[in-house]
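# Fold and geometry: a report
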Amino acid sequence: MTSDAQPRVIVAADIEAVARIAAERLLQRVIETQDRAAICLTGGASPEGLYRLLATSPYRERLPWDRVHWFMGDDRFVPIDDRLSNMGMARRLFLDRVAIPAGHVHPIPTDAASPDAAAQSYQAELQRFYGRDRLDPARPLFDLVLMGLGDDGHTASLFPGGTALGETERWVVGVAQAGLAPFVPRVTLTLPALASTREMLFLVTGADKRGILARVLSGEDLPAARARSDGELIWLVDRATGLEDGHGFRSASA
Ligand code: 6PG
């Protein structure tokens, strides 16, 4: 496993192609593990197409659901049935639509006393799942981590200038003040925990993301640009973001 992999850009034709390529990559990652697989989901609108695809043919039949564990990279500190809940969204779009063994969906416990308490408890859950309380780059926690890109360059709930961004020890932290709407407290995995993966896959679509994506890929110091992966690091974007085939280190069109 290499650390600090160079990012690779894949430019897909459109938002549907992004969802399809992401679904294929997720499936391959699960198949490769041959054992239990751990996927860390993301919130926001960008993964919605992927989530819908997973609950429909052929992915609903092809994914070995009984081997996969589902985590969430960040969530808003609201009840799971609140429309702002990231895990609530993932449940509605696919997790509640397929047969998943009990205990394989791992929501951030947003019914805890506070975001900090939820963070502590989720960190303990991740460490139990991993079997250790120190991350080993040779043995990543996740097989795939999905990420999004916010308009201000945030990813997960790691906002520009926020203290969560510089965290090097804890795996999960509470975020009292979000940098962008919705202004609800949140809980987020930290950069070291998110980096512990065989593949980190950013999903970025739409013309609205043009400006911020260009800033991140040009190396500006923004949270999303600080994201690292112990394995592969891929930016999967559609053409509406303004990137052309050939941008970055490598590209593929669909
Ligand atoms: C959240 C997300 C967040 C998201 C970006 C991009 O809880 O808000 O996890 O980090 O990924 O804001 O969101 P869109 O996909 O909606 O642009």
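Everything quoted here is computed from the prediction, not taken from an experiment. (Residues numbered from 1 in each chain as written. Predicted model: local features only at pLDDT ≥ 70, side-chain atom pairs only at ≥ 80, totals over all residues. Heavy atoms only, no water.)

## Considerations on the overall build of the protein
- When you go through the protein residue by residue, the secondary structure sums to eight helices and nine strands.
- Over its C-alpha atoms the protein spans a radius of gyration of 17 Å, differing by no more than 12% from the 18 Å that the globule rule assigns to 254 residues.
- Its C-alpha atoms give the protein principal-axis dimensions of roughly 45 × 45 × 35 Å.
- A total of 254 residues make up the protein; the buried ones form 54% of that total.
- When the accessible surface of the protein is split by element, carbon and sulfur atoms take 48% of a total near 10900 Å².
- Taken together, the 28 basic and 33 acidic charged side chains of the protein have centroids lying 2 Å from each other. (Helix = DSSP H or I, 4+ residues; strand = E, 2+ residues; numbered from the N terminus. Rg over C-alpha atoms; globule rule 2.2 N^0.38 Å. Buried < 20%, exposed > 50% of the residue type's maximum accessible area, 1.4 Å probe, protein only. Areas by Shrake-Rupley, 256 points an atom, 1.4 Å probe, with all protein chains shown as cover. Lys, Arg positive; Asp, Glu negative; His and termini not counted. Charge placed at Lys NZ, Arg CZ, Asp CG, Glu CD.)

## Things to note about the nonpolar core
- In this structure, Leu41, Leu54, Trp70, Phe94 and Trp235 are the most contacted members of the largest nonpolar core, which totals 84 residues.
- By residue number, the principal contributor to this core is helix α1 (residues 15–33), which donates eight residues.
- Apart from the residues within four sequence positions on either side, Phe94 is in contact with Leu41, Tyr51, Leu54, Ala55, Trp65 and Trp70. (Core = buried A, V, L, I, M, F, W, Y, C linked by side-chain atoms within 4.5 Å. Contact = heavy atoms within 4.5 Å.)

## Overview of the sheet that holds strand β7 (residues 186–189)
- Strands sit in the order β4-β7-β6 across an open sheet of three strands; the sheet is antiparallel. Among the strands making up the open sheet, the edge pair consists of β4 (74–76) and β6 (172–175). Averaged over all neighbouring strand pairs, the angle between strand axes comes to 15°, with direction disregarded.
- Relative to β7, β6 is paired through four bridges, and the arrangement is antiparallel. Note on β7: the bridge partner recorded for Gly174 is Val187.
- Lying over the sheet, helix α5 (residues 115–130) contacts β6 and β7, oriented at roughly 165° with respect to β6. (Pairing = 2+ DSSP bridges. Axes fitted to C-alpha atoms, helices over the stretch in contact; angles between N-to-C directions.)

## As for the confidence of the model for the protein
- For the protein, mean pLDDT is 93; residues scoring 70 or higher make up 94% of the total.
- Of the regions scoring below 50 in pLDDT, residues 249–254 engages in 24 contacts with residues more than four places distant in sequence or in other chains. (pLDDT = per-residue confidence, 0-100.)

## Regarding the pattern of salt bridges
- Tallied over the full model, the rule gives 14 salt bridges.
- The closest approach of N and O atoms between Arg198 and Asp143, which form a salt bridge, is 3.0 Å. You can see Arg198 sitting in the loop between α6 (191–195) and β8 (199–204) and its partner Asp143 sitting in the loop between α5 and β5 (144–147), a full 55 residues away along the chain.
- When salt bridges with common partners are traced through the structure, they connect Arg8, Arg25, Arg29, Glu32, Glu199 and Glu232 into a single cluster. (Salt bridge = Lys/Arg side-chain N within 4 Å of Asp/Glu carboxyl O.)

## Some points on the sheet that holds β8
- The six strands lie next to each other as β1-β9-β8-β5-β2-β3, forming an open sheet whose pairing is parallel. On the outer flanks of this sheet lie β1 (7–12) and β3 (68–72), each paired with one strand and no other. Going from strand to strand, the sheet's axes swing by 20° on average, the running direction of each strand aside.
- Pairing geometry for β8 and strand β9 (residues 232–238), over six bridges, is parallel. Along β9, the bridge assignment pairs Glu199 with Glu232.
- Strands β1, β2 (37–41), β3, β5, β8 and β9 of the sheet are contacted by α1, whose axis makes an angle of about 155° with β9.
- Its contacts with the sheet put helix α4 (residues 86–93) on β2 and β3, and the angle it makes with β3 is roughly 140°.

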